[in-house]
Amino acid sequence: KYHYNNFVVYQVALEDKTDAWKAGLKAQKIPWISVSDLKLWNSSAAEAYGVRAFPASFLIGPDFKVLDVNLTAEQLDDRLLQLVGKPVRRVRDSAEVAK
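Rules behind the numbers
- Residues numbered from 1 in each chain as written.
- Predicted model: local features only at pLDDT ≥ 70, side-chain atom pairs only at ≥ 80, totals over all residues.
- Heavy atoms only, no water.
- Helix = DSSP H or I, 4+ residues; strand = E, 2+ residues; numbered from the N terminus.
- Rg over C-alpha atoms; globule rule 2.2 N^0.38 Å.
- Buried < 20%, exposed > 50% of the residue type's maximum accessible area, 1.4 Å probe, protein only.
- Areas by Shrake-Rupley, 256 points an atom, 1.4 Å probe, with all protein chains shown as cover.
- Patch = residues over 30% accessible without salt bridge, like charges linked within 9 Å, V, L, I, M, F, W, Y side chains within 5 Å.
- Salt bridge = Lys/Arg side-chain N within 4 Å of Asp/Glu carboxyl O.
- Phe/Tyr/Trp six-rings, centres within 6.5 Å; stacked < 30°, edge-to-face > 60°.

Novice: Can you lay out the overall build of the protein for me, pointing to particular residues and giving the numbers?
Specialist: Secondary structure assignment for the protein yields 4 helices and 4 strands. Starting at the N terminus and ending at the C terminus, the protein contains elements arranged as β-α-β-α-β-β-α-α. On C-alpha atoms alone, the protein measures out to a radius of gyration of 16 Å, which is more than a quarter above the 13 Å that the 2.2 N^0.38 rule sets for 99 residues. The 99 residues of the protein split such that 14% are buried. Summed over its atoms, the accessible surface of the protein is roughly 8100 Å², and 54% of this surface lies on carbon and sulfur atoms.

Okay, here's the thing in structure tokens:
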């Protein structure tokens, strides 16, 4: 929704098996970036951000400072509206403009 407002979802998956992780991404049709160091709870990202339970989410600003933690979907939408304004929609090609 906020992709064209320069907002990016970056998922750090706590996994230990490449095949299971990739299958989960495919089955859930995850459209955002997902990375994993395949170390489960020993992940450097989990350690750095103090993740001890799921779900855990962090809204990080362009200066890499944590702005909010564990927002609900509605809270995230409200916060992004505050930070970047209304979602920008871009038309992908001239055929869509004609519609």
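Novice: Break down unusual backbone geometry for me, with residues and values.
Specialist: Note that the residue after Phe54, namely Pro55, is joined by a cis bond; omega there is -10°. By the secondary structure assignment, Pro55 is in the loop between helix H2 (44-49) and strand S3 (58-60). Its identity is not glycine, yet Asn70 carries a phi of approximately 55°, on the positive side. Checked against the element boundaries, Asn70 lands in the loop between strand S4 (66-69) and helix H3 (73-84). Owing to a relative accessible area of 42%, Asn70 belongs among the partly exposed residues under this scheme.

Novice: Can you break down a nonpolar patch on the surface residue by residue, with the values?
Specialist: Among the surface-exposed residues, Tyr49, Ile60, Phe64, Val66 and Val69 lie close enough to one another that they form a single nonpolar patch of about 480 Å² accessible area. Inspection of the secondary structure assignment puts Val69 in strand S4.

Novice: Can you tell me about the packing of aromatic side chains, naming the residues and giving the values?
Specialist: Ring pairs (aromatic) are described by centroid distance and by the angle formed between their planes. Scanning the entire structure with this criterion turns up 2 aromatic pairs. Relative to Phe58, the ring of Tyr49 lies with its centre 5.0 Å away and its plane at 45°, an arrangement referred to as tilted. Phe58 sits in the partly exposed class, given a relative accessible area of 29%.

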